[in-house]
Amino acid sequence: MELINSFKGRWYGLQAREQQLLRHGAVILGLLLFYLLIIDPVYSSRDDAEQRLQSTQQAFSVAQQQAFDLKASLSSPGGIPASGSMLTQVESSAQKEGLRSALKRLQPSGNNQIQVSLEGASYQQIMQWLSNLHQQGVKAQRVDIQVDRKSELLGVQLVLTR
């Protein structure tokens, strides 16, 4: 209570012009704080959200184009079947295309089927590899693609058949 009375005494001890100057300063300070604490963060959040939306839309359009290209390449007629083990054929073809390090799983599953998992491969490498396999008579029955937005590399799970 004493502190309040001390401030009141100082306030009334000021001249009218000084009091008016302090009132205007308080209003300006209040408006500045309102802008800095409420308005600016709202606009910054909106701008960040717009940038994230654009980035997501770009990644989505790239993934859509890649899926379209992959479907188009898979629907074209296959070539001449190669002789030998399908597992060996797929593995050697992956190595030839530079995908050996991206090949994480290669597992036979059923009659002339192989489950393949690739991580960290480029779109061009995968498309070239699938095209070569297709020419050898190996077709993709199922394809699941995940895109790493930071590196733009793909993670792909396939079921290949002959």
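To start, this report covers the structure provided alongside it.

Criteria and thresholds
Residues numbered from 1 in each chain as written. Predicted model: local features only at pLDDT ≥ 70, side-chain atom pairs only at ≥ 80, totals over all residues. Heavy atoms only, no water. Helix = DSSP H or I, 4+ residues; strand = E, 2+ residues; numbered from the N terminus. Rg over C-alpha atoms; globule rule 2.2 N^0.38 Å. Pairing = 2+ DSSP bridges. Buried < 20%, exposed > 50% of the residue type's maximum accessible area, 1.4 Å probe, protein only. Contact = heavy atoms within 4.5 Å. Expected span 1.5 Å × (residues − 1). Axes fitted to C-alpha atoms, helices over the stretch in contact; angles between N-to-C directions. Parallel < 35°, antiparallel > 145°, perpendicular 65-115°, else oblique. Left-handed = near helix turned anticlockwise from the far one by under 90°. Nonpolar A, V, L, I, M, F, W, Y, C, P; charged D, E, K, R; others polar. Core = buried A, V, L, I, M, F, W, Y, C linked by side-chain atoms within 4.5 Å. 1 Å grid on protein atoms, 1.4 Å probe; cavity = no way out; pocket = protein on both sides within 12 Å on 5 of 7 lines; lining within 4 Å. Points joined across faces, edges and corners; volume = space filled by probe spheres on them.

### Structural notes on the overall build of the chain
Then comes step 1: The helix and strand tally for the chain stands at four helices and four strands.
Then comes step 2: Listing the helices and strands of the chain from first to last along the sequence gives α-α-α-β-β-α-β-β.
Then comes step 3: The globule rule puts the C-alpha radius of gyration for 162 residues at 15 Å, and the 33 Å found for the chain is more than 25% above it.
Then comes step 4: For the chain, the spread of C-alpha atoms along the principal axes amounts to about 105 × 30 × 25 Å.

### Here we look at the pairing of strand E1 (residues 103–108)
Then comes step 1: Inspection of the sheet shows E1 paired to strand E2 (residues 113–121) by five bridges, in the antiparallel sense. Paired with Pro 108 across the two strands is Ile 114, which belongs to E2.

### Here we look at the environment of Leu 87
Then comes step 1: If you trace the backbone, Leu 87 turns up in helix H3 (residues 86–96).
Then comes step 2: Taking the relative accessible area as the measure of exposure, Leu 87 reaches 28% and is therefore partly exposed.
Then comes step 3: The contacts of Leu 87, once residues within four sequence positions are left out, are Leu 106, Pro 108 and Ile 114.

### What about helix H4 (residues 123–135)?
Then comes step 1: Given a rise of 1.5 Å per residue, 13 residues ought to cover 18 Å, and the 18 Å separating the end C-alpha atoms of H4 matches this to within 8%.
Then comes step 2: After H4 finishes, the residue Gly 137 shows a positive phi value of roughly 95°.

### Regarding the packing of H3 against H4
Then comes step 1: Between H3 and H4, the least distance of the axes is 10 Å, while the angle of their chain directions is 140°. Relative to H4, H3 is oriented oblique. Where H3 crosses over H4, the handedness of that crossing is right-handed. From H3, Gln 89, Val 90, Ser 93 and Ala 94 reach across to H4, where they touch Trp 129, Asn 132 and Leu 133.
Then comes step 2: When the residues that make up the contact of H3 with H4 are grouped by side-chain class, the tally is four nonpolar, three polar and no charged.

### Side note on the nonpolar core
Then comes step 1: Val 90, Val 116, Leu 118, Trp 129, Leu 158 and Leu 160 are the most contacted members of the largest nonpolar core, which has 23 residues in total.
Then comes step 2: Within the residue set of this core, elements represented by two or more residues are H3, E2, H4 and strand E4 (154–161).
Then comes step 3: When residues of this core are assigned to their parent elements, the largest contribution, six residues, is made by H4.
Then comes step 4: Apart from residues no more than four positions distant in its own chain, Leu 118 is found in contact with Leu 99, Ala 102, Leu 103, Lys 104, Ile 126, Trp 129, Leu 154, Gly 155, Val 156 and Leu 158.

### Remarks on the side chain of Ser 117
Then comes step 1: The residue Ser 117 is located in strand E2 in this model.
Then comes step 2: In this structure Ser 117 touches Ala 102, Leu 103, Lys 104, Arg 105, Val 156 and Gln 157, once residues within four positions along its chain are discounted.

### Focus: the environment of Gln 15
Then comes step 1: Within the secondary structure layout, Gln 15 lies in the loop between helix H1 (2–13) and helix H2 (16–75).
Then comes step 2: For the pair Gln 15 and Val 42, spaced 27 residues apart in the sequence, the C-alpha separation amounts to 40 Å.

### A short note on the layout of surface pockets
Then comes step 1: Put simply, the largest pocket is a space of about 160 Å³.
Then comes step 2: The greatest single-element share of the lining of the largest pocket, amounting to four residues, is contributed by H2.
Then comes step 3: Across the lining of the largest pocket, the residue classes break down as three nonpolar, two polar and two charged.

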